[in-house]
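So you can see what is in the structure, the chains are spelled out below.
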Amino acid sequence: MSNALHVGLNHYLVVSSLLFMIGVAGVLVRKNVIVILMSIELMLNAVNLSFAAFSHFNQEPGGQVMVFFVMAIAAAEAAIGLAIAVAVYRKFNGIEIKLFENLKG
Amino acid sequence: MTPQVSWADLSLMIPFVILFLFSVVPISGKVLNGNTELNKNFNFLIALVGLFLALVFTGFQTVIEPRLAFGGTVIYDGLTWVGNISVVGIAIFILLLAKNHPTIRNHQYSEHMFLMFSTLLGMFVMNFSNDLIMSFIGIELMSLPLYVLIGIGGGDKISKEASFKYFVLGSFASAFLLYGVALVYGAARTTQIDNIINNQMVVQQLTFQAGLVIFLIGLFFKVALVPFHAWLPDVYQGAPTPITGFMASGVKLVIFFFILRIVPLGQLYTQNNMFKLFEWFSILTMAIGSLAALHQTNLKRIIAYSSIAHTGYVFMGIIAAIKGDFQQSIYGVVAYLLIYVLMTIGTFAVIGHFEKKQDHQLNLDDLKGLANRRPVLAACFSILLLSLAGVPPMGGFFAKLMIFSTAVNADLYWLVVWGALTSVMSVYYYLKPIVNMYMYKSDIILLENRGRAQKIAIYVCTFLIVISGFLIQPLIEKLNILLFP
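Owing to the predicted nature of the structure, the values given are computational and were not obtained by experimental measurement.

## Regarding the overall build of chain A
Step number 1: Counting secondary structure elements, chain A contains three helices and zero strands.
Step number 2: In chain A, the order of α-helices and β-strands from amino to carboxyl end is α-α-α.
Step number 3: The C-alpha atoms of chain A give 18 Å as radius of gyration, which overshoots the globular expectation for 105 residues (13 Å, by more than 25%).
Step number 4: Here chain A holds 105 residues, and the buried ones make up 30% of them.

## Re the interface of chain A and chain B
Step number 1: Contact residues are listed per partner, giving 30 residues for chain A and 31 residues for chain B.
Step number 2: It is helix α3 (residues 62–92) of chain A that contributes the most residues to the side of chain A that touches chain B, 14 residues altogether.

## Here we look at the domain arrangement of chain B
Residue and element names in this part refer to chain B.
Step number 1: Each assigned domain of chain B is listed here: domain 1 (1–129) and domain 2 (267–485).
Step number 2: The distance between the C-alpha centroids of domain 1 and domain 2 comes to 26 Å.
Step number 3: Counting residues at the interface gives 17 residues for domain 1 and 21 residues for domain 2.
Step number 4: For the side of domain 1 that touches domain 2, the residue count by class is 10 nonpolar, five polar and two charged.

## Notes on helix α3 (residues 40–60) of chain B
Residues and elements named next belong to chain B.
Step number 1: Counted at 1.5 Å a residue, the expected span for α3 with its 21 residues is 30 Å, and the 30 Å between its end C-alpha atoms agrees.
Step number 2: Listed in full, the buried residues belonging to α3 are N43, A47, G50, L51, A54 and T58. In an axial view of α3, the angular spread of the buried residues amounts to 90°, which keeps them on one side of the axis. Exposed residues on α3 whose side chains face more than 90 degrees from its buried face are N41, L45, V56 and F60.
Step number 3: The secondary structure elements touched by the buried residues of α3 are α2 (14–32), α4 (78–98) and α5 (109–128).

Thresholds, definitions, all that
Residues numbered from 1 in each chain as written. Chains lettered and ligands numbered in written order. Predicted model: local features only at pLDDT ≥ 70, side-chain atom pairs only at ≥ 80, totals over all residues. Helix = DSSP H or I, 4+ residues; strand = E, 2+ residues; numbered from the N terminus. Rg over C-alpha atoms; globule rule 2.2 N^0.38 Å. Buried ≥ 20, exposed ≤ 12 C-beta atoms within 10 Å, placed from the backbone. Contact = placed C-beta atoms within 7 Å. Domains from an automatic or database assignment. Nonpolar A, V, L, I, M, F, W, Y, C, P; charged D, E, K, R; others polar. Expected span 1.5 Å × (residues − 1). Arc of directions from axis to C-beta.

Take a look at the structure:
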């Protein structure tokens, strides 16, 4: 296989934007609180991929440092999200978003 | 390139470090004391001392000229200074509001304190940030404790629901913001705002412009401009009232201050039609905020919608800053935000003052006959509401006048007409509580929770609003020295 596929910046960006869109769709469509949390993590990881790709192809190491910041923040966000999910489960006896009907108008 | 960190850079962070140290005192005391809360008044005093020390140290670091620190990621100029001072001031007020509020449970007071200080530190990071990734960290540091603060309060369902709604939409917005930062970074190879502004080549790139738009959408989510506002009324209603006050004042203030920092980038958009869209955002925000408030009965929800409408007025000032004279408009926006902060904190202090227990929701009818029983509080509430409506002798009028006049100077007549129309509309729902308080008699006796601290906050806010007509000229002169040395 001499003409192996050359993976360039655009490939990474396309994958990253697809992952991001899957995350957006997950947040908008899914009804389960845990799946929504996973979708948000997916969005953040998609961004990490594009940071790393830009950093590699622009020969600019700063982007990889940003990935670490984002990973730390994503971990904190996941922890808080799950804590809120537990609190919601205790009050509502379920983690479906259709239970959230006390606030509207 | 090794980053140079000098003592001068570190000295900028003194208030930040003080706040952090004081934030861990109550919670460490709780841990060392075998997981039982220290004396509540002691914790309150510790927090108050920390905030006053931070205020004094920030006050001493008066700005002579803007400077960058920590390799350019941190900026220290007049806007940072004004932002830091006002954010610490807001925190002092919120501390007073939360002192005896029923949603702040006594056995979790030190956690509450720690989370509130963490939010405050996030606001500081936002004020300091000269780097898009710094601003992301600031927003997250500000939002994450807020998600918990909303949910930690009550035993009721609505605070959990509000917490979850805010969490999902807040994280969603942060992810958008971050994606925007990634695209900007890819195009400009840097995330430092001053480098980006000075690089005309980069700004013309499509990747950069797309990134900036996505970044701005993330910010608009956080301040709840109209296409992205749906979370705000639910969250403001469900959150404990002191925390609602914190969100409505502090979070909005710092994010708008940050938007003022990237206004020079907006100037490049005159070449492109994005502007028209921004004008529509402002119009829709004013209109929908005012219209949706008209038929509400829950008091907190009314103020939440009015907060959306006020966001629209501030955004009109920002469009004026982009399109017209930057220097004139920035005074308008900053002065408006400062006065708006006082008005909202005062309003939420009054609402919080009449909430007896955790899931008590204050409705319009509950206010009937209040003027007979509590004449002073009713008068204060009326003054604050009239100021929010923009009735002449109060501070809100001068704030609105400044925003409208900057918009007229920037030839944004179309926006000013909408602004005037929605202000007139908003008078209706601001007058409803006043009418209920003064014109009706009722047998339901609205009890207040015993809180001298809240009363102090109400009286100080009202006093400042009443005299702000006289204060506005010295304020602008002071801002002139600070923002444009």
